Amino acid sequence: MTHPNDLEKANFKALIEEDGTDRIQERLDIIDVFLGTEAHITLEEMVHLLKEKGYAFDPVFVAQCMNRMVELGFARKKQFDGQPIRYEHRHLGRHHDHLVCTKCGKIVEFSDEHIERCQLTVAARYGFHMLQHRMEIYGLCSDCLSRRQRLMPLAAAKPGERVIIREVSGGRTRRARLAALGLRPGDTIEVIANSGQGRIILGHGHTRLAIGRGVAQVIMVALDQENVRS
Ligand SMILES: [Zn+2]
Ligand SMILES: [Zn+2]
Ligand SMILES: [Zn+2]
């Protein structure tokens, strides 16, 4: 059975051969790798992926080839708010929209008939003949949401708990002061003593630290899940 990607490749080959493009085989290698990934991929990631597959192509050549795929309708160029330009497959006759996580950058595809129909109705109401649309929903993905829900101020952590520093609010000065203590987002710390008032004693690597309650209110932590499981 012919794989749909083979049909896409043959179609691409026919079109680029027709207009006398050079380096046909190399371009076919690029489209092959591109069709093999379902990611919304940046140029940099594409060059990296090609390298993993054993192709050391010049990024300029890859960019040119990607843009050719866009022109010929095999790829679509997308730029979501706050993100670099990405390429995705363009499947004929199929349409989807996107959910974008503003925290981790995750992109989820969806299609909803009701939304599609609504957009046509709205356009028609204003006398528009809709040619295309961009429907992007920005927010927190389920992973980021559950991570956020699990966040608590360090001041609320119980003695014996191992927690991971996630965020430090309260401005640059405060973050710098914590960094001076050797504490950074991503660090795991152990709460040694926290009586609910006064200083909190922490274990960090091989050091014990005493931190004021005020500061402990602005350090947001999450339980160390590995610790919970063990
Ligand atoms: Zn849509
Ligand atoms: Zn996310
Ligand atoms: Zn997509």
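Further up the page is the structure itself.
We now turn to the structure provided with this report.

Those donors, H95 (NE2), D97 (OD), D97 (OD), E116 (OE) and H133 (NE2), are the protein atoms that reach the zinc ion (ligand 1), and they lie 1.9 to 2.6 Å from it. In the primary structure, the donors to the zinc ion (ligand 1) are separated according to the pattern H-x1-D-x18-E-x16-H. Of this pair, H95 sits in the loop between β3 (86-89) and β4 (97-101) while H133 sits in the loop between α5 (113-125) and β6 (136-139); the two residues are 38 residues apart in sequence, bridging distant segments of the chain.

Attention now goes to the coordination of the zinc ion (ligand 2). As a benchmark, a tetrahedral metal site with four donors has ideal angles of 109.5 degrees, while an octahedral site with six donors has ideal angles of 90 or 180 degrees. Here the zinc ion (ligand 2) is held by the protein donor atoms C101 (SG), C104 (SG), C141 (SG) and C144 (SG), which lie 2.3 Å from it. Between consecutive donor residues of the zinc ion (ligand 2), the sequence gaps follow C-x2-C-x36-C-x2-C. Pair check on accessibility: C141 and C144 agree, each one buried.

Attention now moves to the pairing of strand β11 (residues 207-211). Relative to β11, strand β10 (residues 200-204) runs antiparallel, the two sharing five bridges. Note on β11: the bridge partner recorded for I200 is I211. Between the end of β10 and the start of β11, which pair antiparallel, lie two residues, with G205 showing a positive phi angle near 60°.

With that settled, the discussion passes to helix α3 (residues 43-52). Among all positions of α3, only M46, V47, L49 and L50 are buried. End-on, the buried residues of α3 take up no more than an arc of 160°, which puts them together on one face. In α3, those exposed residues whose orientation departs by more than 90 degrees from the buried face are E44, H48, K51 and E52. The positive-phi residue at the C-terminal boundary of α3 is G54, with phi of around 95°.

The rules behind the values
Residues numbered from 1 in each chain as written. Chains lettered and ligands numbered in written order. Predicted model: local features only at pLDDT ≥ 70, side-chain atom pairs only at ≥ 80, totals over all residues. Heavy atoms only, no water. Donors = N, O, S within 2.8 Å, 3.2 Å for Na, K, Ca; no water. Helix = DSSP H or I, 4+ residues; strand = E, 2+ residues; numbered from the N terminus. Buried < 20%, exposed > 50% of the residue type's maximum accessible area, 1.4 Å probe, protein only. Pairing = 2+ DSSP bridges. Arc of directions from axis to C-beta.

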